[in-house]
Structure formats: structure tokens, C-alpha cells
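One-letter residues, chain by chain:
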Amino acid sequence: MTRTIRAGVVGASGLAGGELIRLITQHPHMEPAFLGGSSNVGRRPAELHPGLRLDLGGLTVQPVTEDTVDDLAERVDVVFLATPAPVSAELAALLADRVPAVVDLSGAFRIRTPELHDRWYPKVKRRTELADRFVYGVPELIGDQLKDAPLISLPGCYATAMTLGLAPLTLGLGLDLKTVVVDGKSGSSGGGLQLRTADLHPFRSGAIAPYAPTGHRHAGEVRDFLSRSKPGSIGTLSMSAYGVSTVRGLLTSSYVFTDAAVDQRELQRAYLRFYKEHRFVRVRRNTETLIPVPDPQAVLGSNFCDVTVLHDEEDGRIVVLAALDNLVKGAAGQAVQAANLRFGLPEESGLTMQPVMPA
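What you are looking at is a predicted structure, and each value in this text was computed from that prediction instead of being measured. (Residues numbered from 1 in each chain as written. Predicted model: local features only at pLDDT ≥ 70, side-chain atom pairs only at ≥ 80, totals over all residues. Heavy atoms only, no water.)

A. The sheet that holds strand β14 (residues 317–324), seen in detail. Strand order in the open sheet formed by seven strands is β9-β10-β8-β11-β14-β13-β12, with mixed pairing between adjacent strands. Of all strands in the sheet, those bounded by a partner on one side alone are β9 (208–212) and β12 (281–283). Recorded for the sheet is a direction-independent mean angle of 25° between the axes of neighbouring strands. Of the strand pairs in this sheet, strand β8 (residues 176–186) and strand β11 (residues 250–258) are connected by nine bridges, and their pairing is antiparallel. What sits directly across from D183, in β11, is S253. Helix-sheet contacts for helix α11 (residues 264–274) involve β12, β13 (305–312) and β14, and the interaxial angle to β13 is about 160°. (Pairing = 2+ DSSP bridges. Helix = DSSP H or I, 4+ residues; strand = E, 2+ residues; numbered from the N terminus. Axes fitted to C-alpha atoms, helices over the stretch in contact; angles between N-to-C directions. Contact = heavy atoms within 4.5 Å.)

Now the structure itself:
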């Protein structure tokens, strides 16, 4: 008989925290056992997330400090950190070796290389020996490493789409990618609940805002991960990111240049073969539905990542498109997926919901 995994969510009042609560409460083998935070201490989930009319046995948001961490550790089997990177760096140091598993959704431990981490996260001070213990949690690519892993760092939402899109080329076909140029577009929920002028409705609605036109930290973590992965290699990877007027969902368009001789049939077969055993990555033909895919609206509310690969024979490039819901497969859903593997549960537990469309 499968035991129930007791889950704690720190950062319970945020968007990813709300998604975690939603997914955990419908999980057949997981239950919420602790809610943590700092700005909404004492409040119930139903007060913070209008879509969740849940009692959860009277659970309210509680602070997590050095004085309370021992009590937290006794109540949970896994802690999900849906907190800003500087906070995650501090909390992970408190929780490591006190709870069976910590799953961090922030960027605190995503980049292994210290110099590259300091480049993209200069304000996030972390213990080097602790960072070395974190597993970079892309379940489809390193699922075997997640089993019994005590510390798991989830990739960013953009990074998830990029990595899943490029992995069949490098890890599958073993190609050497000379240049990869990525165009990323994300809805407003990717920025969390911070109050910024650029995210106000009069400016965000109808916008295509180039908020990171010359670089994005998620490109840094993809480079870091793929540079340590074999058999293929990657030369340069650059990214421009744009905010669009949707709320949920993102799309990455990766333009890949390589000296390898490939064609459309070989690429399609390689992607289908690579993800044959991974139900949450759907390899799709661009014209297989009434609307062109991948399209973020075709995955909203689900843990799917839709991937399409195209060979641009005339211009000598490979085009890889990847779409996902940034709050599910890009955050909370992937966190639950990683925890399932960590505790030996079926990977799809609590994540079988189909997309909601139109949304």
C-alpha cells in the first residue's frame, strides 16, 4: 500500500504556491501538511487564492525560521520552496538534512558553475557545497537521478521549454550545435505578484514588451546544463525574452545552426524516439490541428510541454518550438512530477489533467 507523502509549501501565497496547493490537494498520494510564508502569516489558502475554497484541516500560513524549522521537519516528507531565490538559498540551508526532500522552484541552485551563477544571480549568496548537492530536476532527462535525491532544483519555465526542445538534438542525435538563438514569449504570470509599472493593465494589455532583449538568466542555466551533458555539445546560446498580454503560458522558438547534415524525417523520428516513454512531452507536427501548434493555449492547466521540430532547408537551420504552461509544467506541475519520482510514485500521479481550451 502506497503511503501518503506529507507536503509543505513555503511561499504559499504566491502564484506557484497556489498552483502547488491545487495540485497537492488532488494528488492521490500526497497531502498538504504545512504552509509557510512571511507576508500573509495566519491566513488560510482560500483567502489568498480565490479559486481554492479549501479548509485543509485548518492550515494557515506560518513563518519559517531557525526557531520553527525543527517543528516543520517533523511534519513533512517534502518541502516545496516557491520563494524568491535569496530566500530559497537561506531556507535550503536550514532544511537540508532535516527533511527527506527539498524541491526548490527558484533560481538559487539551478546553475552549478559558480562564475555563471554570480553572473546571473549576483544577489543570491549560497553555500557552494550545498549547491553541489542539488540535482537539476528535468524529470524527462535525469529522472534516474531524482530517485531518493534529497535536494532538487527545478529549471526555470523558459529553461524547461528550451532544454526539452534542444535535448533530442544534443543528447539524442549527439549533434554539435554551433549557434542557438532563442526567442521567448511569456504571459504576465511569469513575473509573479510583484507590483511593477510595466505589469499594470494599461501597459501590459495588448503589449509585446521586450523586457530582456539581450539576454536572460534562463539561457545561462540551459548553457550550464547542456555544456555538462553528452554526447552532443553547444557553442553559443543567446536569448531574447518578451512579455505578451496573456496571463499563463509561454513559447520558445529556438533557431539552431549546425554543420550536421539532417533532414525533416530524421529530425521528426529522433524527437519521437527520444520522448517515446515520456508522456508529458508531446511531439507534434506543426499542422496537425485546426490551429498551428505548439501554441501555449493548447497546454494551459496541464503538465504537458508541446514540442515541434522543423528543418529549414533553404536557410540551413533547425527550428524548435516548445510551449508549456509556465505555472504548471514550468513550475508547480514539474515540482510534483519530480517529487513523484523522488518517492517512487507513478510519475503522472496527480498530474493527469488535460489542457483547458479555450482559456
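B. Representation of unusual backbone geometry. Here the residue pair V293 and P294 is connected by a cis peptide bond, since its omega of 5° sits within 30 degrees of zero. In this model, M357 is joined to P358 through a cis peptide bond whose omega is 0°. Relative to the assigned elements, P358 resides in the segment after α12 (328–342). Phi at L56 is positive, roughly 55°, even though this residue is not glycine. Turning to its location among the elements, L56 is positioned in the loop between α2 (45–48) and β3 (61–62). Since its relative accessible area comes to 18%, L56 is described here as buried. The backbone of D97 sits at a positive phi, close to 70°, despite the residue not being glycine. Overall, D97 belongs to the exposed group, its relative accessible area being 63%. (Buried < 20%, exposed > 50% of the residue type's maximum accessible area, 1.4 Å probe, protein only.)

C. Representation of α12 within the structure. Helix length check: α12, at 15 residues, gives a terminal C-alpha distance of 18 Å against a target of 21 Å (1.5 Å per residue), a shortfall beyond 12%. Where α12 bends most, at Q334, the angle is about 45°. Counted residue by residue, α12 has 15 buried out of 15 residues, so it is predominantly covered. Just downstream of α12, G344 is the residue with a positive phi angle, here 70°. (Expected span 1.5 Å × (residues − 1). Bend = angle between axes of the 7 residues up to and from the residue.)

D. A look at the packing of aromatic side chains. This model, assessed by the stated rule, comprises four aromatic pairs. Between the aromatic rings of F109 and F134, the centroid separation amounts to 4.1 Å while the plane-to-plane angle is 10°, which identifies the pairing as stacked. One end of the pair, F109, is in the loop between β5 (101–104) and α5 (114–120); the other, F134, is in the loop between α6 (128–131) and β6 (135–136), and 25 residues separate them in sequence. Exposure class is identical for F109 and F134. Each is buried. Centre to centre, the rings of Y136 and F225 are 5.1 Å apart; their planes meet at 40°, and the pair counts as tilted. Remark: F225 occurs in helix α10 (residues 217–227) and Y136 occurs in strand β6; sequence separation between them is 89 residues. Classification of F225 by relative accessible area gives buried; the value is 7%. Here the guanidinium or amino end of K185 rests over the ring plane of Y242, the centre of that ring lying 5.3 Å away. (Phe/Tyr/Trp six-rings, centres within 6.5 Å; stacked < 30°, edge-to-face > 60°. Lys NZ or Arg CZ within 6 Å of the ring centre and 35° of its normal.)

E. How the structure looks around the nonpolar core. Residues L20, F80, L105, L169, L237 and I318 are the most contacted members of the largest nonpolar core, which totals 83 residues. Top element by residues in this core is helix α8 (residues 157–172). It accounts for nine residues. Beyond its immediate chain neighbours, meaning those up to four positions away, L237 contacts M162, L166, V180, V182, A219, V222 and R223. Counting residues in hydrophobic clusters, the runner-up holds 28 residues, among them V10, V69, V76 and V102. (Core = buried A, V, L, I, M, F, W, Y, C linked by side-chain atoms within 4.5 Å.)

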